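# Survey of secondary and tertiary structure
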Amino acid sequence: MSLGLKRGVVQLEPHDKQWNEIAVQTIKTLKAILGDDVIDIQHIGSTAIPAIKAKPIIDIAVGIDDFNRVLLHNEQLQQEGIVYRGSDVEHQLLYVMGDMKNDTRTHHIHVVKWNGTEWKNYICFRDYLNSNENAALQYQQLKEELERKYADDRIAYTSGKQDMIDIILNRK
């Protein structure tokens with residue numbers, strides 16, 4: 001099983017059922033640390049969609065109602081290898097896991113307002129692709145094209161997916 005990529009690198013892998021098992025363990029760890037400060041935690045992103053290839057990085061959405069209460073747990077999260085990276089994306093906090101010395105990431109943990117736009121988008125996108133295999137395979141095809149063009153430019157890769165993501169989210 002492959003898990004983790006250097007920051008900025010794009011490399012798609014065939015789906016691995018162990019990704020879900022790893023996500024479940026990470027969710028248990030997050031629930032144990034965050035306790036009542038979290039409303040829901042879900043495995044999201046392409047590693048949560050068995051029909052398609054994915055970058056071997058586990059994406060998790062943490063639904064909360066108060067960002068400040070989550071930040072109070074940063075030291076305990078750090079002890080479990082969950083590193084706070086900031087809030088460079090509007091309306092969310094980002095935590096990562098992986099080999100920080102080698103700049104490799106295994107997990108992206110997105111803390112967002114539960115039932116807010118970001119939360120709904122993450123969950124609806126995953127659920128739509130899991131229930132519409134044709135759309136999932138079209139999304140995979142786009143990802144493969146972008147991987148060929150932008151193997152060392154994750155920002156361009158991510159940007160290249162946005163139109164299709166928006167189309168899918170507007171179908172919901």
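Whatever comes next refers back to the structure up there.
Since the model is a prediction, treat every value here as computed from it, not as a measurement.

Calculation notes
Residues numbered from 1 in each chain as written. Predicted model: local features only at pLDDT ≥ 70, side-chain atom pairs only at ≥ 80, totals over all residues. Heavy atoms only, no water. Core = buried A, V, L, I, M, F, W, Y, C linked by side-chain atoms within 4.5 Å. Buried < 20%, exposed > 50% of the residue type's maximum accessible area, 1.4 Å probe, protein only. Helix = DSSP H or I, 4+ residues; strand = E, 2+ residues; numbered from the N terminus. Contact = heavy atoms within 4.5 Å. Axes fitted to C-alpha atoms, helices over the stretch in contact; angles between N-to-C directions. Parallel < 35°, antiparallel > 145°, perpendicular 65-115°, else oblique. Nonpolar A, V, L, I, M, F, W, Y, C, P; charged D, E, K, R; others polar. Expected span 1.5 Å × (residues − 1). Lys, Arg positive; Asp, Glu negative; His and termini not counted. Salt bridge = Lys/Arg side-chain N within 4 Å of Asp/Glu carboxyl O. Polar contact = N/O pair within 3.5 Å; in protein donor to acceptor, adjacent residues only side chain to side chain.

### Details of the nonpolar core
Of all hydrophobic cores here, the largest spans 23 residues; its most connected members are Leu30, Ile60, Val62, Tyr95, Ile109 and Val111. Sorting the residues of this core by element identifies helix H1 (18-34), strand E3 (58-64), helix H2 (67-71), strand E5 (92-99) and strand E6 (104-113) as the ones contributing at least two each. Broken down by element, the residue count for this core peaks at seven residues, all from H1. Filtering out sequence-adjacent residues up to four positions away, Ile60 remains in contact with Ala23, Thr26, Ile27, Leu30, Ile41, Gln42, Ile44, His108, Ile109 and His110.

### Structural notes on the packing of helix H4 (residues 117-131) against helix H5 (residues 133-149)
Direction vectors running N to C along H4 and H5 enclose 110°, while the axes themselves pass 5 Å from each other. With respect to H5, the element H4 is oriented roughly perpendicular. For the pair H4 and H5, the contacting residues are Phe125, Tyr128, Leu129 and Ser131 in the first and Glu133, Ala135, Ala136 and Tyr139 in the second. Classifying every residue of the contact of H4 with H5 by side-chain character gives six nonpolar, one polar and one charged.

### A closer look at H5
With 17 residues, H5 ought to run about 24 Å at 1.5 Å a step, and its terminal C-alpha atoms sit 24 Å apart, in line with that. Taken together, the buried positions of H5 are Ala135, Ala136, Tyr139, Gln140, Leu142, Lys143, Glu144, Leu146 and Glu147. In this structure, the buried residues of H5 make contact with H4 and helix H6 (154-171).

### Points about the side chain of Asp59
Relative to the elements of secondary structure, Asp59 occurs in strand E3. Within the buried set, Asp59 has no salt-bridge partner at all; the shortest N-O distance to an opposite charge, 5.6 Å, is to Lys55. Side chain to side chain, Asp59 and His110 meet in a polar contact 2.8 Å long. Ignoring anything within four residues of it in the chain, the contact list for Asp59 reads Gln42, His43, Ile44, Gly45, Thr47, His108 and His110.

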